[in-house]
Amino acid sequence: MQDETVLVTGAGGQIGSELVLSLRKIYKHVIASDLKEPGPDIKDVGEFMRLDVLYKNGLMDCVKRFNVKQIYHLAAILSATGEKNPEMAWRINMKGLRNILDVCTEAGVKKLFFPSTIAVFGPTTPKVNTPQYTVMEPNTIYGISKQAGERWCDWYFQKKGLDVRSIRYPGLISYKTKAGGGTTDYAVDIFFEAVANKKYECFLKEDTILPMMYMPDAIRGTIELMETPAEKITVRSGYNLSGFSFSPAQLATEIKKTIPNFTITYKPDFRQSIADSWPQSINDSVAQHDWAWKPEYDLAKMSTDMIQNIQKIEHN
Ligand code: VAH
């Protein structure tokens, strides 16, 4: 086990709750932090601190007291919530990041992970096989804040030498923590509804193709990127990362292979316009070249694993 102390902000969220568990298999000291108390699987098996990323002094105290050498800064407001609360989303996603960047440079943190997203792309971006470098005109506060965040991270690398690394996550699918406030969350909710009620009303149109990834691949890719020797890293904004793409109709067809009497209906809401502004598929050849990224899950393997694990949860 490695001795460095690692801090995870937003540890109670969809990525954080699983990332903390994976990091605790590698590092002796992983401090999980969030604004609110997380579940028992995080809190009861290691250090937890209540931290507000908008309060820099509290972050600095924690980093200095525990000699934190790596930070995974996951605290953020996602796309759908951000459109309902633009001021709060901008404040948390930008001021929170700036506080973390300054704490890292002032307190000698060695490595920082910043979660970016395919939401940094917008309606003028090429939608199919979206390249690492292309037109980026995001039209959600979430996407705008994450694009600005990528630029700040690159600036802190260029001007202050901070070893900051980032991934543009596609929609993430997991069964351990229900997603919250995202547009791709239908691809999580649908599984819980299919197992519990054999039906789901989808808030996106049936043919809305979006890039997605299963959480085990996202967690593995995140840690692989952070463990890659610095000299191999050529992107300090955010690496494109691809899993697989599908539409709600294609996902429903896959679910029916395991739950034959599952039915889906469609009632698009405000999140449809958000989804329509994003790419359908992502080119991640730079990540493949720089640090040998390769997903292990496809749509069928993910769907089977999700249903099997949710059925176990329901039966316990
Ligand atoms: C969202 N799950 O829907 C997030 C993600 C690509 C989308 O960043 O907002």
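Just so it is clear, the structure is predicted and the values come from calculations on it, not from any experiment. Numbers given to residues run from 1 along each chain, matching the order in which its sequence is written. Residues qualify for local features only when their pLDDT is at least 70, as the model is predicted, and side-chain atom pairs are given and counted only at 80 or more; totals for whole chains, interfaces and linings, by contrast, use all residues. Calculation of side-chain values draws on the structure's entire complement of heavy atoms; hydrogens and water are dropped beforehand.

**Q** A description of the environment of Gln70 should follow, citing residues and the corresponding values.
**A** Elements are defined by DSSP. Helices are runs of H or I of four residues or more, strands are runs of E of two residues or more, and each kind is numbered from the N terminus. Within the fold, Gln70 resides in strand 4 (residues 68–73). When the C-alpha atoms of Gln70 and Val6 are compared, they prove to be 4.8 Å apart, with 64 residues separating the residues in sequence. Contacts are assigned to residue pairs that have any heavy atoms within 4.5 Å of one another. Filtering out sequence-adjacent residues up to four positions away, Gln70 remains in contact with Glu4, Thr5, Val6, Leu7, Tyr27, Val109, Lys111 and Met226.

**Q** An account of the side chain of Lys111 is needed here, citing residue identities and associated values.
**A** Residue position: Lys111 is located in strand 5 (residues 111–117). Among buried charged residues, Lys111 stands out as having no salt bridge; its nearest opposite-charge side chain is Glu227, 4.9 Å away. Identification of polar contacts relies on pairs of N or O atoms within 3.5 Å, with a donor-acceptor requirement for protein atoms, meaning one able to donate a hydrogen and the other able to accept it, and with residues adjacent in sequence counted only if both atoms are side-chain atoms. Separated by 2.5 Å, the side chain of Lys111 and the backbone oxygen of Met226 make a polar contact. To sort residues, take the accessible area from a 1.4 Å probe on protein chains only and compare it with the maximum for the residue type: under 20% means buried, over 50% means exposed, and anything in between is partly exposed. All tallies of charge rest on Lys and Arg as positive and Asp and Glu as negative; His and the ends of each chain are not included. Definition used for salt bridges: Asp or Glu carboxyl oxygen within 4 Å of a side-chain nitrogen of Lys or Arg.

**Q** Lay out the packing of helix 3 (residues 56–65) against helix 5 (residues 86–107) with the relevant residues and their values.
**A** Angles shown run from 0 to 180 degrees and are taken between the N-to-C directions of axes, each axis being a line fitted to C-alpha atoms and, for helices, limited to the stretch in contact. Close contact between helix 3 and helix 5 brings their axes to 10 Å; oriented N to C, the two are set at 40 degrees. In terms of orientation, helix 3 lies oblique with respect to helix 5. The element helix 3 and its partner helix 5 pack so that their crossing is right-handed. Contacts from Lys56, Leu59, Met60 and Val63 in helix 3 reach Asn99, Ile100, Asp102, Val103, Glu106 and Ala107 in helix 5. Oblique is the label for every angle not falling under 35 degrees (roughly parallel), over 145 degrees (roughly antiparallel), or within 65 to 115 degrees (roughly perpendicular). By convention, the crossing between two helices is left-handed when the near helix turns anticlockwise from the far helix through less than a right angle, and right-handed when the turn is clockwise.

**Q** Let's hear about the environment of Met213: which residues, and what values?
**A** Locating Met213 in the fold gives a position in strand 9 (residues 210–214). Here the alpha-carbon distance between Met213 and Leu299, two residues 86 residues apart in the chain, equals 8.8 Å. Excluding residues that lie within four positions of it along the chain, Met213 makes contacts with Pro170, Gly171, Leu172, Ile173, Ala218, Leu241, Ser242, Gly243, Phe244 and Trp293.

**Q** How would you explain the environment of Gly10 if you had to name every residue and give the values?
**A** Among the secondary structure elements, Gly10 is positioned in the loop between strand 1 (2–9) and helix 1 (16–23). Residue Gly10 is classed as buried on the basis of its relative accessible area of 10%. Considering only alpha carbons, one finds Gly10 and Cys62, 52 residues apart in sequence, at a separation of 15 Å. Ignoring sequence-local partners within four residues, the contact set of Gly10 consists of Gly16, Ser33, Asp34, Leu74 and Ala75.

**Q** Kindly report on the sheet that holds strand 11 (residues 244–246), identifying the contributing residues and their values.
**A** Here, any two strands with at least 2 DSSP bridges between them count as paired. Read from one edge of the open sheet, 3 strands run 7-9-11, paired in mixed fashion. Each having just a single partner strand, strand 7 (171–173) and strand 11 make up the two edges of the open sheet. In this sheet, adjacent strand axes meet at a mean angle of 45 degrees when their direction is disregarded. Bridging between strand 9 and strand 11 involves 3 bridges; their strand directions are antiparallel. Residue Met212 lies in a different strand from strand 11, and its bridge partner there is Phe244. Across the sheet, helix 12 (residues 299–315) lies against strand 7, strand 9 and strand 11, angled at about 80 degrees from strand 11, the strand it touches most.

**Q** Let's hear about the site of the ligand: which residues, and what values?
**A** We define proximity as follows: a residue is near a molecule or strand when any one of its heavy atoms falls within 4 Å of that partner. Close contacts around the ligand come from Leu78, Ser79, Thr117, Ile118, Tyr142, Tyr169, Pro170, Gly171, Gly182, Thr183, Thr184 and Trp278, and that covers them all. Taking Thr117, its side chain carries an N or O atom lying 2.9 Å from an oxygen atom of the ligand. A distance of 2.6 Å separates an oxygen atom of the ligand from a polar side-chain atom of Tyr142. Three classes are used: nonpolar for Ala, Val, Leu, Ile, Met, Phe, Trp, Tyr, Cys and Pro, charged for Asp, Glu, Lys and Arg, and polar for all others, with Gly counted as polar. The residue inventory of the shell around the ligand, partitioned by class, reads 6 nonpolar, 6 polar and no charged.

**Q** I'd like a rundown of the pattern of salt bridges, residues and numbers included.
**A** According to the stated counting rule, one finds 14 salt bridges in the structure shown. A salt bridge links Glu150 to Arg168; the shortest N-O distance between them is 2.8 Å. On the criterion of sequence distance, the pair formed by Glu150 in helix 6 (residues 141–160) and Arg168 in strand 6 (residues 163–169) is long-range, its members being 18 residues apart. As far as burial versus exposure is concerned, Glu150 and Arg168 are alike and both buried. A salt bridge links Arg220 to Glu224; the shortest N-O distance between them is 3.1 Å. One end of the pair, Arg220, and the other, Glu224, are both in helix 8 (residues 215–227), 4 residues apart, so they sit about a helical turn from each other. With a relative accessible area of 30%, Glu224 lands in the partly exposed category. Via salt bridges that share partners, Asp217, Arg220, Glu224 and Glu296 belong to a single interconnected network.

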